[in-house]
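A look at the structure
This is what each chain is made of:
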Amino acid sequence: MEQDQQLRQDYPEQPRRRTLLNRLWSLIGLLAFIELGWLGSSILKSRKTRNTQLQGTKWIEAGRAEALITGDVKAVPEGMLFLARLEDGGFIALSRTCTHLGCAISWDKEQEKFVCPCHGSTFDRAGTVLSSPAIRPLDFYQVRIENGHIRIDVSKAHRRESFDPSQTTRV
Ligand code: FES
């Protein structure tokens, strides 16, 4: 008994310290709980965004419209496609996949045509067949111009049987 009293006299702050420690642990637990909740919601949100991109459109930026003059063709590596500006000023985004058997075409600047290295098909800058064995024009992507910026929807390459001006976009 005397010993207890002596202890209380020696350590008067013991209960207060224990309460403080308990509160501190509670606070740490609460912070961990909040962080777990935030982490879980972030993962769910990123999954939802990815699914939306897969189901819907996916627009990529392809530079400023005025940077491409009439007749220019440029590769857009991010979308694995080519962007061309046609004689009438319209823009067309073309798949780099040959419509014969799917090889990757390249732009021959000197000859001003797309050339397939596999079997020699060639296409003009609008993607129309110049020489076979390919018989169908290159697929194209939807282009939008917003505030002078070119945007291309790379979620879907559109198949076509012939060229039509509606496949191009003007400033
Ligand atoms: S795959 Fe291009 S010509 Fe055959």
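Residues numbered from 1 in each chain as written. Predicted model: local features only at pLDDT ≥ 70, side-chain atom pairs only at ≥ 80, totals over all residues. Heavy atoms only, no water.

1. Some words on the sheet that holds strand 8 (residues 129-131)
Sheet architecture is open: 4 strands sit in the order 5-6-7-8, paired in antiparallel fashion. Looking at which strands have only one partner, the edges of the open sheet turn out to be strand 5 (106-108) and strand 8. Judged from the 2 bridges that link them, strand 6 (residues 113-115) and strand 7 (residues 122-123) form a sheet pairing that is antiparallel. Residue pairing in the sheet places phenylalanine 114 in a bridge with phenylalanine 123 of strand 7. (Pairing = 2+ DSSP bridges. Helix = DSSP H or I, 4+ residues; strand = E, 2+ residues; numbered from the N terminus.)

2. Quick look at the state of the cysteines
All told, the structure shown has 1 disulfide when counted by the stated rule. With a sulfur-sulfur separation of 1.9 Å, cysteine 103 is cross-linked through a disulfide to cysteine 118. Its S-S torsion of approximately -95° makes the covalent link between cysteine 103 and cysteine 118 left-handed. You can see cysteine 103 sitting in the loop between strand 4 (91-95) and strand 5 and its partner cysteine 118 sitting in the loop between strand 6 and strand 7, a full 15 residues away along the chain. Residue classification places cysteine 118 among the partly exposed residues on the basis of a relative accessible area of 38%. (Disulfide = S-S within 2.5 Å. Buried < 20%, exposed > 50% of the residue type's maximum accessible area, 1.4 Å probe, protein only.)

3. Quick word on the nonpolar core
Grouped together as the largest cluster of nonpolar side chains are 16 residues, with contacts concentrated most on Ile105, Phe114 and Phe123. Once residues lying within four places of it in the same chain are set aside, the contact partners of phenylalanine 123 are Cys98, Thr99, Ile105, Lys113, Phe114, Thr128, Val129, Leu130, Ala134, Arg136 and Leu138. Counting 13 residues, the second largest nonpolar core, distinct from the first, contains Leu83, Tyr141, Val143 and Ile152. (Core = buried A, V, L, I, M, F, W, Y, C linked by side-chain atoms within 4.5 Å. Contact = heavy atoms within 4.5 Å.)

4. Considerations on the pairing of strand 3 (residues 81-85)
The element strand 3 is extensively covered by neighbouring structure, given that 5 of its 5 residues are classed as buried. Alternating positions in strand 3 separate into two faces, Leu81, Leu83 and Arg85 on one and Phe82 and Ala84 on the other, with burial throughout. As paired elements, strand 2 (residues 73-76) and strand 3 share 4 bridges and run antiparallel to each other. Its bridge partner being in strand 3, valine 76 is matched across the sheet by leucine 81.

5. Comments concerning the sheet that holds strand 1 (residues 59-64)
Reading across from one edge, 1-10-9-4-3-2 is the order of the 6 strands in this open sheet, with antiparallel pairing throughout. Both outer strands of the open sheet, strand 1 and strand 2, are each paired with one neighbouring strand and no more. For this sheet, the mean angle separating the axes of adjacent strands, direction not counted, is 30°. (Axes fitted to C-alpha atoms, helices over the stretch in contact; angles between N-to-C directions.)

6. What about the side chain of serine 95?
Inspection of the secondary structure puts serine 95 in strand 4. A polar side-chain atom of serine 95 sits 3.0 Å from the main-chain amide nitrogen of threonine 97. In this structure, serine 95 is in contact with Ile105, Leu138, Asp139 and Tyr141, ignoring residues within four places of it in sequence. (Polar contact = N/O pair within 3.5 Å; in protein donor to acceptor, adjacent residues only side chain to side chain.)

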